[in-house]
Amino acid sequence: MARKWLLLFVLGVIAVLMAAPLVLTVFTSLKPTTELVNPAWYPPQELTFDHYVRVWTDGGFSGYFVNTLIISVVDAIVMILIASLAAYAMVFMEFRGKMLLQLLFVLGLMIPVTAVVLPLFQIVRSLGLLNSHLGVIFADLALAVSVFVFMFTSYFAGVPKALHEAARIDGATEFQIYRRVVMPIATPAVVTTALLEFLWSWNDLLLRLLLMTRDEMRTLSVGLLNFQGTMTRDVTGLSSGTAIMAIPVVLLFLVFQRSFVRGMTAGAVK
Amino acid sequence: MAGLELKNLSKAYGQTEVLHDINLSIADGEFIVFVGPSGCGKSTLLRMIAGLEEITGGELTIGGTRANALSPKQRDIAMVFQSYALYPQMTVAENMGFSLSLERKSKAEIAEKVQEAADALQLGPYLDRKPGQLSGGQRQRVAIGRAIVRKPKVFLLDEPLSNLDAALRSETRVEISELHQRVETTMIYVTYDQVEAMTMADRIVVLNGGYIEQVGSPMDLYNNPASEFVAGFIGSPKMNFITGPHAQVVDAATMGVRPEHFDIGPADDAWSGKVTLVERLGHDTVLYVNVAGAGSLTVNLSGQHDQRVGDTVHLKPRPEFIHKFDQNGRPLSV
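Cut-off values and rules
Residues numbered from 1 in each chain as written. Chains lettered and ligands numbered in written order. Predicted model: local features only at pLDDT ≥ 70, side-chain atom pairs only at ≥ 80, totals over all residues. Helix = DSSP H or I, 4+ residues; strand = E, 2+ residues; numbered from the N terminus. Buried ≥ 20, exposed ≤ 12 C-beta atoms within 10 Å, placed from the backbone. Contact = placed C-beta atoms within 7 Å. Nonpolar A, V, L, I, M, F, W, Y, C, P; charged D, E, K, R; others polar. Pairing = 2+ DSSP bridges. Axes fitted to C-alpha atoms, helices over the stretch in contact; angles between N-to-C directions. Expected span 1.5 Å × (residues − 1). Core = buried A, V, L, I, M, F, W, Y, C linked by C-beta atoms within 7 Å. Domains from an automatic or database assignment. Left-handed = near helix turned anticlockwise from the far one by under 90°.

A.B. asks: Please clarify how the overall build of chain B should be interpreted in this entry.
C.D. replies: The number of helices and strands found in chain B is ten helices and 18 strands. A buried classification covers 39% of the 334 residues belonging to chain B.

A.B. asks: Please explain the interface of chain B and chain A as it appears in this structure.
C.D. replies: For interface size, the figure often reported is the accessible area lost on association. Between chain B and chain A, the residue contacts involve 17 residues of the former and 14 residues of the latter. Within the residue set of the side of chain B that touches chain A, elements represented by two or more residues are helix 2 (72-75), strand 6 (77-80) and helix 3 (92-102) of chain B. Each residue belonging to the side of chain B that touches chain A can be placed in one class, and the counts come to twelve nonpolar, three polar and two charged.

A.B. asks: Is there a simple way to explain the sheet that holds strand 17 (residues 312-317) of chain B in this structure?
C.D. replies: Within a beta sheet, neighbouring strands are joined by backbone hydrogen bonds and run either parallel or antiparallel to one another. Residue and element names in this part refer to chain B. Pairing is antiparallel in the open sheet, where five strands are placed in the order 13-17-14-15-16. Of all the strands in the sheet, just strand 13 (262-264) and strand 16 (295-302) have a single pairing partner and so form its edges. Each strand axis lies, on average, 45° off the axis of its neighbour in the sheet, ignoring direction. Examined bridge by bridge, strand 15 (residues 284-291) and strand 16 share eight bridges and lie antiparallel to one another. Bridge pairing in strand 16 places threonine 285 opposite leucine 301.

A.B. asks: Can you walk me through helix 5 (residues 136-148) of chain B in this structure?
C.D. replies: Helical periodicity: at 3.6 residues per turn, an α-helix aligns residues three or four positions apart in one direction. All names here are of chain B. Look at helix 5: 19 Å from first C-alpha to last across 13 residues, which is about the 18 Å you get at 1.5 Å a residue. With respect to burial, helix 5 is a largely interior element, ten of its 13 residues being buried. Every buried residue of helix 5 is listed here: Arg139, Gln140, Arg141, Val142, Ala143, Ile144, Gly145, Arg146, Ala147 and Ile148. If you follow the buried residues of helix 5, they end up packed against strand 6, helix 3, helix 4 (107-120), strand 7 (154-158) and helix 6 (166-183).

A.B. asks: I'm lost on the nonpolar core in this one. Help?
C.D. replies: Taken as a class, soluble globular proteins show a tendency for nonpolar side chains to be buried jointly. Residues and elements named next belong to chain B. With 122 residues, the main nonpolar core has Val33, Leu156 and Ile188 as its most contacted residues. Structurally, this core is a two-domain feature, drawing no fewer than three residues from each of domain 1 (4-231) and domain 2 (237-325). Residues contacting valine 33, with those up to four places away along its chain left out, are Tyr189, Thr191, Ala197, Met200, Ala201, Ile204 and Val205.

A.B. asks: Is there a simple way to think about the domain arrangement of chain B in this case?
C.D. replies: For chain B, the assigned domains read domain 1 (4-231) and domain 2 (237-325). Distance between the C-alpha centres of domain 1 of chain B and domain 2 of chain B: 38 Å.

A.B. asks: Would you mind going over the sheet that holds strand 3 (residues 31-35) of chain B with me for this structure?
C.D. replies: Residues and elements named next belong to chain B. Taken in spatial order, the six strands of this open sheet run 6-7-8-3-9-10, and their pairing is mixed. Two strands in the sheet have a free side with no partner beyond their single neighbour: strand 6 and strand 10 (211-216). Across the sheet, the mean angle separating the axes of adjacent strands is 15° when strand polarity is ignored. Sitting on the sheet, helix 5 touches strand 6 and strand 7, and the angle it makes with strand 6 is about 180°.

A.B. asks: I keep staring at the pairing of strand 4 (residues 57-62) of chain B and nothing clicks. Help me out?
C.D. replies: For a regular strand, the rule is simple: side chains alternate between the two faces of the sheet. Bridging between strand 1 (residues 4-13) of chain B and strand 4 of chain B involves five bridges; their strand directions are antiparallel. Following the sheet pairing, leucine 4 of chain B is matched in strand 4 of chain B by isoleucine 62 of chain B.

A.B. asks: So what exactly am I meant to see when it comes to the packing of helix 5 (residues 113-126) of chain A against helix 6 (residues 133-157) of chain A here?
C.D. replies: The relative placement of two packed helices comes down to the angle between their axes together with the axis-to-axis distance. Residue and element names in this part refer to chain A. Packing of helix 5 against helix 6 brings their axes to within 11 Å, and their N-to-C directions diverge by 145°. For helix 5 against helix 6, the interelement crossing comes out right-handed. Residue-level inspection shows Val113, Leu120 and Val124 of helix 5 in contact with helix 6, the latter providing Gly135, Phe138, Ala139 and Leu143. Across the contact of helix 5 with helix 6, the residue classes break down as six nonpolar, one polar and no charged.

A.B. asks: How should the environment of proline 218 of chain B be read in this particular structure?
C.D. replies: Residues and elements named next belong to chain B. One can find proline 218 in helix 8 (residues 218-223). Classification of proline 218 by C-beta neighbours within 10 Å gives partly exposed; the count is 18. On a C-alpha basis, the gap between proline 218 and alanine 197 in space is 7.6 Å, while along the polypeptide they are 21 residues apart. Setting aside residues up to four positions removed in sequence, proline 218 forms contacts with Met198, Ala201 and Ile204.

A.B. asks: What exactly am I supposed to notice about the pairing of strand 3 of chain B here?
C.D. replies: Residue and element names in this part refer to chain B. The buried fraction of strand 3 amounts to five of the five residues, a majority that puts the element mostly inside the structure. Judged by which residues are buried, strand 3 turns out to be covered on both faces: Phe31, Val33 and Val35 on one side and Ile32 and Phe34 on the other are all buried. The sheet contact formed by strand 3 and strand 8 (residues 186-191) spans five bridges and is parallel. Bridge pairing links isoleucine 32 to isoleucine 188 in strand 8. Inspection of the sheet shows strand 3 paired to strand 9 (residues 203-208) by four bridges, in the parallel sense. The residue of strand 9 that forms the bridge with valine 35 is valine 206.

A.B. asks: I'm lost on helix 3 of chain B in this one. Help?
C.D. replies: All names here are of chain B. In terms of burial, helix 3 is a largely internal element, eight of the eleven residues being buried. Those residues of helix 3 not exposed but buried are Val92, Ala93, Asn95, Met96, Gly97, Phe98, Ser99 and Leu100. Among the structural elements, helix 4 and helix 5 are those in contact with the buried residues of helix 3. In the segment just after helix 3, arginine 104 is the residue with positive phi, at about 60°.

What follows is the structure, encoded as structure tokens:
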């Protein structure tokens, strides 16, 4: 019993530490400017959504939101396709150079983003894709594909080989087996990939700062910088902008929590 | 329906050859069982016929057509897997109709054929269930249904009963035999269980260490085993092998006597031994008898007998059923 209470206490402390920044941000975003003199952890006495309206309209967040949404959704969908197809080939097919390809993917896991950011910028520029959604999407996919191939490979390795063989006997092509037999039972891996890639894409600052310099192409994370000058800081703008940015991600995690956890643990418990 | 020809078939993984020079003719509509101990190559041979393993050497023809390079689909075979290999996200009906849907058959035709197969296998009430909601026996029937719905040229069954309990095994064994009589399609069945082989097969192929030891009807293998290995593998309880002075009396390196071919009689001219264990099966009584110079012998007596552990019994092998083998385990003429 004492152990249970201790566990609850520890988990409670961790939960408070994790939730505190988000709660303080929401408090600040809903306070009238006059209440900003109060300590940050004071709940708002009077609720106002003025800062949200200001950030959404004058702050350009409506456009940034659409840009971010397009890039993140396309990133997530294309990543699921590329990573699952590559992992399918790795697990279920035999071909020349398979080992080499696997090594390349492992290499991709080990190289930090910051190390390749300049060559990546040059490649995107040489392709004429600076300040375009496509340029950022290419870069995002290239940098994260190794992680998701690895995740799908772990998941597919748990799919009985006999299923693949049964489908071959039934007359299915490799693509039919992928689409009708393997992918329908890989839902946890698909959800996890979608959520993680969406989240990484949604929150990324470095690549967007580098590859999207024109204001109309900016994303939310870059847009937040508008509220922070060298000497000044628009605290309410920053808070409501952060809240706008965080809400979709929190909602997605709440909805897909269960599948996400199953996908994350799939390789470990198979 | 089709017959098969296996000519000098071999399989190697790198430098290691696991199947050597397999020659076999399988007649159209025949029920052939590949039997042998674990690792003898029986499943590999079946998978080579299915097109799931590449053929390293030799030639395979199905229905007169060379099939070495054909895909599993082009070979027009169906296979039942040991693990059932049902698609977990599909219902029973979808599992059974999957191959037909790939052939772009109409929904009505698929439903009709699935219903026909389901009726034959008493699966009608389960068509809307997922495999996870079925018992082991029902899953096995779905796996068989998935195979028969296509009406293939050849059925391949890879240890299909090994995941079932004893009662269900014998029940499903009978169902598969009846199915074969009904569909009259060539069936190749792999098992390590000689009882399954003996009860189901038209002909049995005994494999050992990647070689075919013997091909023949169940009674042929039982009465005239081509090697000591086959003699020991076919028959339950297994044949007694006796070396030493008792074998020398009949001019053999090894003498083989099936447990049911002993008589118990008077002490004169018989092998005397002590009973170490008694198994009473009702229809049979199995004695384990320790005989000097012959070791522990298994004796299967028909009916119920009252021997007890510690009793001395006098065994006499029936001369007409004695099998004689040379040093290499090959039979000597009786």
